[in-house]
Amino acid sequence: MSTLALEFAGGRLDRHTKVTLSSAAPAASSAPSSASARGLDWFTFFLADIQTGFGPFVAIYLTAHAWPQFDIGLVLTAGGLVALACQMPGGALVDAVRSARLVAALAVGAICVSALALAIWPTFPVVMATRVLHAGASCVLGPVIAAISLGLVGHAALGGRLGRNARFASIGNGVAAAAMGACGYLVSNQAVFFLTAILAVPAMLALMRIRMGEVGQTKELEVGTAVTSIRSVVTDRRLLAFAGCILLFQLANAAMLPLMGGILTMRSSEWASTLIGACIVVPQLVVALFAPWVGRVADSWGRRPLLVVCFGALALRGLLFAVVTDPYLIVAIQALDGVSAAVLGVVLPLVVADITRGTGRFNLGLGIVGSAVGIGAAFSTTLGGYAMDHFGRALAFSSLATIAACGLALLWLLPETRRVVGALASAAQTAPSLKSERKRSRLSANWDARADSARSISNPTIATTQLLISSDRSSPELTAGADHLPWLPLSKAARNDSLSSVRAAIRSIVREN
């Protein structure tokens, strides 16, 4: 039964053969190889290293070359506007191309060229061009990593894969920030961008380790070949509600640390840089520790409970920033930022994958939500700065916390997007590793109830359900396969009753659809 549920959830049933548990066994071979999984791990790590070089180091480098602050702000704003405008086209491009790895290689190459040009020719036209090129390349890298992840592991295991991505990206950000800071201090600010360009080489090597044959096979099975119109995706109420939640999250979140940085600088300018560095490192450590766990529980808990935790941590952080003055407590409070980042980094692509499943527009959905991220972040600093200047610290941070609470309220308009059958598949994958007999007994005792809950599936695979319904209860292949499930301590009669419950639930789904 675990294999049957897994095959039904992942859409991996053979379209040209009878549905039997014995024929479903080879599906395990479609799992990604360790080389591809490790390649994606290290590509995410080195990509985070490369992107770190284009963070605050750009402003420091240009300031060292006696650039006016207005010109620095102009090129940074131009890059932000290009990044915002290219979110949806970048996602649509990744959906349209055949090779996501080729797009990733071109984007990494473009960032490498940008870093070299910025280091060698720090003139206004060159710097403006490098910022625009970097922003355009970055818009496709996020969707590419999400697409490769979905293609490698499929929808049922996507949460765990996104958790690994978040862990390696967080570690990469921390390592790169320390290495580039030391490079700028010991060598020069210019050397930071040479190091950024050099890091593109291991990123390319890691990308080459990902076997695109595995990505293509799983992507065809999981995502499907049917393509929904762009208008249907853009007007999807669930996607728009989720984008609204993310916009409010970024509107509340993006200004918090810059405002606190200004307060720390006015109170203790000598220690301000050290404290801000600690405020950046602490959330990265939290993400590295908890992101894989978030990926594992996303299927069992659902997406909405984790999003509630995410928005709640942000609102609590804003309220604490409004009243806490001790610098060490401020660094500790930044751990809440790590909680929000760990949840959002995993759940955001998961929710988009749930909503766009089977449409062929996964990356377009990511682009829509990415546009909401950019809009919220762009207005957040302006809103927060205005509130700080005119109303003071307490009201500024309380206002940001209120915006986070509004996002939490809007979250109730978003229905739970987790597929129940996907959760059963996740349970079937993890059940063999359970060492506790008590947990195994509890899982098998609740199996019938979980099978009945499969009625809530909104868009089942009709061909698969028809094959399952038409299968004979007395089929020797089916009963033989059920007898070879060592982790499920049920009698033969109980297994047959459970199979009947699954068939009844599937028939109900077909009638409702």
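Residues numbered from 1 in each chain as written. Predicted model: local features only at pLDDT ≥ 70, side-chain atom pairs only at ≥ 80, totals over all residues. Heavy atoms only, no water.

Caption draft 1: Spotlight on the overall build of the protein. The helix and strand inventory of the protein stands at 27 helices and zero strands. For the protein, contacts bridging at least 24 residues in sequence account for 84% of all contacts bridging at least 6. Element-wise, carbon and sulfur atoms account for 66% of the exposed surface of the protein, whose accessible area totals about 22,800 Å². (Helix = DSSP H or I, 4+ residues; strand = E, 2+ residues; numbered from the N terminus. Contact = heavy atoms within 4.5 Å. Areas by Shrake-Rupley, 256 points an atom, 1.4 Å probe, with all protein chains shown as cover.)

Caption draft 2: Layout of unusual backbone geometry. With a phi close to 60°, Ala 66 is a non-glycine residue in the positive phi region. Relative to the elements of secondary structure, Ala 66 occurs in the loop between α4 (57-64) and α5 (69-85). Using a relative accessible area of 66% as the deciding quantity, one classes Ala 66 as exposed. (Buried < 20%, exposed > 50% of the residue type's maximum accessible area, 1.4 Å probe, protein only.)

Caption draft 3: Structural detail: the nonpolar core. Residues Phe 242, Leu 307 and Phe 397 are the most contacted members of the largest nonpolar core, which totals 66 residues. Considering each element in turn, this core owes the most residues, twelve residues, to helix α19 (residues 335-355). Excluding its chain neighbours within four sequence positions, the residues that come into contact with Phe 397 are Met 256, Leu 259, Met 260, Ile 263, Gly 318, Phe 321, Ala 322 and Met 388. Formed by 51 residues, the second largest nonpolar core is a distinct cluster that contains Ala 110, Met 128, Ala 176 and Ala 206. (Core = buried A, V, L, I, M, F, W, Y, C linked by side-chain atoms within 4.5 Å.)

Caption draft 4: Just a nonpolar patch on the surface, in detail. A contiguous nonpolar patch, built from Leu 116, Ile 120, Trp 121 and Phe 194 and spanning about 370 Å² of accessible area, is present on the exposed surface. Structurally, Phe 194 is set in helix α10 (residues 189-198). Under the relative-accessibility criterion, Phe 194 is labelled partly exposed at 32%. (Patch = residues over 30% accessible without salt bridge, like charges linked within 9 Å, V, L, I, M, F, W, Y side chains within 5 Å. Salt bridge = Lys/Arg side-chain N within 4 Å of Asp/Glu carboxyl O.)

Caption draft 5: Geometry of α5. For α5, with 17 residues, the first-to-last C-alpha span of 24 Å sits near the 24 Å given by 1.5 Å per residue. Tucked inside the fold, the buried residues of α5 contact α4 and α8 (124-153). (Expected span 1.5 Å × (residues − 1).)

Caption draft 6: Local environment of the packing of helix α7 (residues 100-120) against helix α11 (residues 200-208). At a closest axis distance of 10 Å, the pairing of α7 and α11 adopts a crossing angle of 175°. It follows from the interaxial angle that α7 and α11 lie roughly antiparallel. Contact residues: α7 offers Arg 101, Ala 104, Ala 105, Val 108, Gly 109 and Cys 112, while α11 offers Ala 200, Ala 203, Met 204, Leu 207 and Met 208. For the contact of α7 with α11, a count of residues per class yields nine nonpolar, one polar and one charged. (Axes fitted to C-alpha atoms, helices over the stretch in contact; angles between N-to-C directions. Parallel < 35°, antiparallel > 145°, perpendicular 65-115°, else oblique. Nonpolar A, V, L, I, M, F, W, Y, C, P; charged D, E, K, R; others polar.)

Caption draft 7: Up close: the pattern of salt bridges. All chains considered together, the criterion is met by seven salt bridges. One salt bridge in this structure joins Arg 161 and Asp 41, with 2.3 Å as the shortest N-O distance. Of this pair, Arg 161 sits in helix α9 (residues 158-186) while Asp 41 sits in helix α3 (residues 34-52), and the two are 120 residues apart along the sequence. Take Arg 161 and Asp 41: they sit in the same class, and that class is buried. It is possible to trace a salt-bridge network through shared partners that takes in Arg 38, Asp 41, Arg 161 and Arg 164.

Caption draft 8: Spotlight on the environment of Gly 39. Mapped onto the elements of the fold, Gly 39 is located in helix α3. A relative accessible area of 0% places Gly 39 in the buried class. Sequence-distant contacts of Gly 39, defined by excluding residues within four places in its chain, comprise Ala 206, Arg 209 and Ile 210.

Caption draft 9: Structural view of the side chain of Thr 130. Looking at the secondary structure, you find Thr 130 in helix α8. Taking relative accessible area as the criterion, Thr 130 reaches 4% and is therefore assigned buried. If we skip the residues at most four places from it in the chain, Thr 130 touches Ser 114, Ala 117 and Leu 118.

Caption draft 10: Just the packing of helix α20 (residues 362-391) against helix α21 (residues 393-410), in detail. Viewed as axis vectors pointing N to C, α20 and α21 meet at an angle of 145°, and their least axial separation amounts to 7 Å. In this structure, the crossing between α20 and α21 has a hand that is right-handed. Residues Leu 383, Gly 384, Ala 387, Met 388 and Phe 391 of α20 pack against Arg 393, Leu 395, Ala 396, Phe 397 and Ile 403 of α21. (Left-handed = near helix turned anticlockwise from the far one by under 90°.)

In short, shape yes, function no, at least from these values alone.
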